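# Structure assessment
Chain by chain, the residues run as shown.
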Amino acid sequence: MVSEINIEDISKLAYPVIDVRSPGEFKKGHIPGAINIPLFTNDERAHVGTVYKQQSKDAAIALGYKFVTPKLEDFITFSLKIAPDKNVIIHCWRGGMRSRSFAKHLSDNGFNDVRIIIGGYKSFRNHVLNQLGRKTPIKVLGGYTGSGKTYILKELQKLGEQIIDLEGLAHHKGSAFGAIGEKEQPSVEQFENNLYEQWQKLDLGKPVWVEDESHNIGSVKIPMPFYKQIRSSRLFFIDIPKNERAKHLVSEYANCDDVELANSLERISKRIGGLNWNNSLELLKQKKYVDVAMTALHYYDKAYLKGMNKRDGAMVVRIPQNSVNHANNAFLIKKITKQYE
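Each value, and the rule that gives it
- Residues numbered from 1 in each chain as written.
- Predicted model: local features only at pLDDT ≥ 70, side-chain atom pairs only at ≥ 80, totals over all residues.
- Heavy atoms only, no water.
- Pairing = 2+ DSSP bridges.
- Helix = DSSP H or I, 4+ residues; strand = E, 2+ residues; numbered from the N terminus.
- Axes fitted to C-alpha atoms, helices over the stretch in contact; angles between N-to-C directions.
- Contact = heavy atoms within 4.5 Å.
- Parallel < 35°, antiparallel > 145°, perpendicular 65-115°, else oblique.
- Polar contact = N/O pair within 3.5 Å; in protein donor to acceptor, adjacent residues only side chain to side chain.
- 1 Å grid on protein atoms, 1.4 Å probe; cavity = no way out; pocket = protein on both sides within 12 Å on 5 of 7 lines; lining within 4 Å.
- Points joined across faces, edges and corners; volume = space filled by probe spheres on them.
- Phe/Tyr/Trp six-rings, centres within 6.5 Å; stacked < 30°, edge-to-face > 60°.
- Buried < 20%, exposed > 50% of the residue type's maximum accessible area, 1.4 Å probe, protein only.
- Salt bridge = Lys/Arg side-chain N within 4 Å of Asp/Glu carboxyl O.
- Core = buried A, V, L, I, M, F, W, Y, C linked by side-chain atoms within 4.5 Å.
- Right-handed = clockwise from strand over helix to strand, strands pointing away.

### Things to note about the sheet that holds strand S12 (residues 316-320)
What the five strands build is an open sheet, ordered S7-S8-S6-S11-S12; its pairing is parallel. For this open sheet the edge positions go to strand S7 (162-164) and S12, each flanked by a neighbour on one side alone. With strand direction ignored, the average angle separating the axes of adjacent strands in the sheet is 30°. One ladder, built from four bridges, connects strand S6 (residues 138-143) with strand S8 (residues 208-211); its direction is parallel. Across the sheet, Ile-138 pairs through a bridge with Val-208, a residue of S8. Docked against the sheet, helix H16 (residues 289-308) engages S6, strand S11 (235-239) and S12, running at close to 155° with respect to S11.

Structure, rendered in structure tokens:
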């Protein structure tokens, strides 16, 4: 049986989701957890679109059937692997011909409950952006580079706090060195989808901790409504001495390839100045990683302070600490934030 389902209800069924769009569409952005069984390859989809524009809708449909017919048996085989109980959710871009044809094919071949997402992936995207714009109680963890903010977030989570690890979702630590040791970044669209997946698991009536970030995290962007909430929420700034932060950075990056470190330094060479850039390269050759980190922090501290000074001073709470002890710092931060609830 084929029926329709609203995007808000797909999590209630917990059925597998099959995305029948082309691989290129899927890579740009997809529902987290969805499996791609494309009706058309990227080239086939482009060819069908050209025929539709230059000839007619009927000619495009006929070409589409020509491409799809040899794959029909494979569609059943692949779908059974994904949904062995024969209950499944299907979608394409707008819930049109591609998803409906695929759904009917599954239903005609013994699938029990086949649901088509009303409005398709486009409906999901609208839902994502609407939800990420909702007003939510946010607590923002700030601190200069090297303060171990991501680690503190994880410790806060152990203490029962709700968190969203934006850098983890972005596969980037936010600085010129942020891509080192990380997977390929998702597209901006997929980052938003993945953020929504985490967001919907939280109790949005209770505070959610996030790290203080720039609008861009590497190549992805935080959705603007959500970013504005971060910028307007109270900032709890963990203030740790530079030398302690430099040692922490060394513990994170010194085992990395020196070529990668040099390439990352080059990205900020103009901002730290030519002399500092050349000195940093020489220090790197000598394996004097703490000195390299201190040079980089001089730039990053100024940049972060400039951004923090744009906030309402009354919304910034400074929390001085002497060391990068993530568990202790998380415990202290949680204790102090109780005063502002």
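On we go from here.
### Comments concerning the packing of helix H5 (residues 72-82) against helix H6 (residues 97-108)
Their axes nearest at 10 Å, the elements H5 and H6 cross at an angle of 75°. Classified by the angle between their axes, H5 and H6 sit roughly perpendicular to one another. Taking contact as the criterion, the partners of Leu-72, Phe-75, Ile-76 and Ser-79 in H5 are, on H6, Phe-102, His-105 and Leu-106.

### Side note on the side chain of Asp-212
Along the chain, Asp-212 turns up in the loop between S8 and strand S9 (216-217). There is a polar contact of 2.7 Å between the side chain of Asp-212 and the side chain of Tyr-304. In this structure the side chain of Asp-212 is engaged in a polar contact, spanning 2.8 Å, whose partner is the side chain of Arg-311.

### Quick look at the layout of surface pockets
There is about 1100 Å³ of room inside the second largest pocket. Phe-40, Val-48, Gly-96, Met-97 and Arg-98 are, among the 33 residues lining the second largest pocket, the residues nearest its centre. When contributions to the lining of the second largest pocket are tallied by element, the ones reaching two or more residues are helix H2 (23-28), helix H3 (42-54), helix H4 (57-68), H5, H6 and helix H7 (120-132). Element by element, the count of residues in the lining of the second largest pocket is highest for H6, at seven residues.

### Brief notes about the packing of aromatic side chains
Both the distance between ring centres and the angle between the ring planes are used here to describe each pair of aromatic rings. Within this structure, the stated rule accounts for 12 aromatic pairs. Taken together, a centroid distance of 5.9 Å and an interplanar angle of 75° make the contact between Tyr-144 and Tyr-304 edge-to-face. With Tyr-144 in the loop between S6 and helix H8 (149-158) and Tyr-304 in helix H16, the pair connects residues that are 160 residues apart, well separated along the chain. Accessibility assignment for this pair places Tyr-144 and Tyr-304 in one class, buried. Centre to centre, the rings of Trp-199 and Phe-226 are 5.0 Å apart; their planes meet at 65°, and the pair counts as edge-to-face. Placement of Trp-199 in helix H10 (residues 188-199) and of Phe-226 in helix H11 (residues 224-232) is noted, with a sequence separation of 27 residues between them. By relative accessible area, which is 1% here, Phe-226 ends up buried.

### A few points about the pattern of salt bridges
A complete count under the given rule lists 20 salt bridges for this structure. Note that Arg-125 is salt-bridged to Glu-192, the shortest N-O span being 2.5 Å. You can see Arg-125 sitting in helix H7 and its partner Glu-192 sitting in helix H10, a full 67 residues away along the chain. Each of the two residues, Arg-125 as well as Glu-192, counts as buried. Note that Asp-212 is salt-bridged to Arg-311, the shortest N-O span being 2.8 Å. On the criterion of sequence distance, the pair formed by Asp-212 in the loop between S8 and S9 and Arg-311 in the loop between H16 and S12 is long-range, its members being 99 residues apart. Overall, Asp-212 belongs to the buried group, its relative accessible area being 8%. Since its relative accessible area comes to 9%, Arg-311 is described here as buried. Salt bridges sharing partners connect three or more residues here, namely Glu-25, Arg-45 and Arg-98.

### Things to note about the nonpolar core
Ranked by size, the top nonpolar core spans 39 residues in total, and within it Ile-31, Ile-164, Leu-166, Trp-199, Val-210, Ile-222 and Phe-226 carry the most contacts. Every element with two or more residues in this core is listed here: H7, S6, helix H9 (166-170), H10, S8, H11, S11 and H16. The contacts of Ile-164, once residues within four sequence positions are left out, are Leu-153, Leu-169, Leu-195, Gln-198, Trp-199, Leu-202, Val-208, Trp-209 and Val-210. Counting residues in hydrophobic clusters, the runner-up holds 23 residues, among them Ile-37, Phe-40, Ile-90 and Ile-116.

### Focus on the pairing of strand S5 (residues 113-117)
Counting buried positions along S5 gives five out of five residues, so the element sits mostly inside the fold. Judged by which residues are buried, S5 turns out to be covered on both faces: Asp-113, Arg-115 and Ile-117 on one side and Val-114 and Ile-116 on the other are all buried. Both strand S1 (residues 2-5) and S5 contribute to a ladder of four bridges, which runs parallel. For Val-2, the partnering residue across the bridge sits in S5 and is Val-114. Where strand S4 (residues 87-91) lies against S5, four bridges are found, and the strand directions are parallel. Along S5, the bridge assignment pairs Val-88 with Val-114. After leaving S4, the chain enters H6 and then returns to the sheet as S5, a path that is right-handed.

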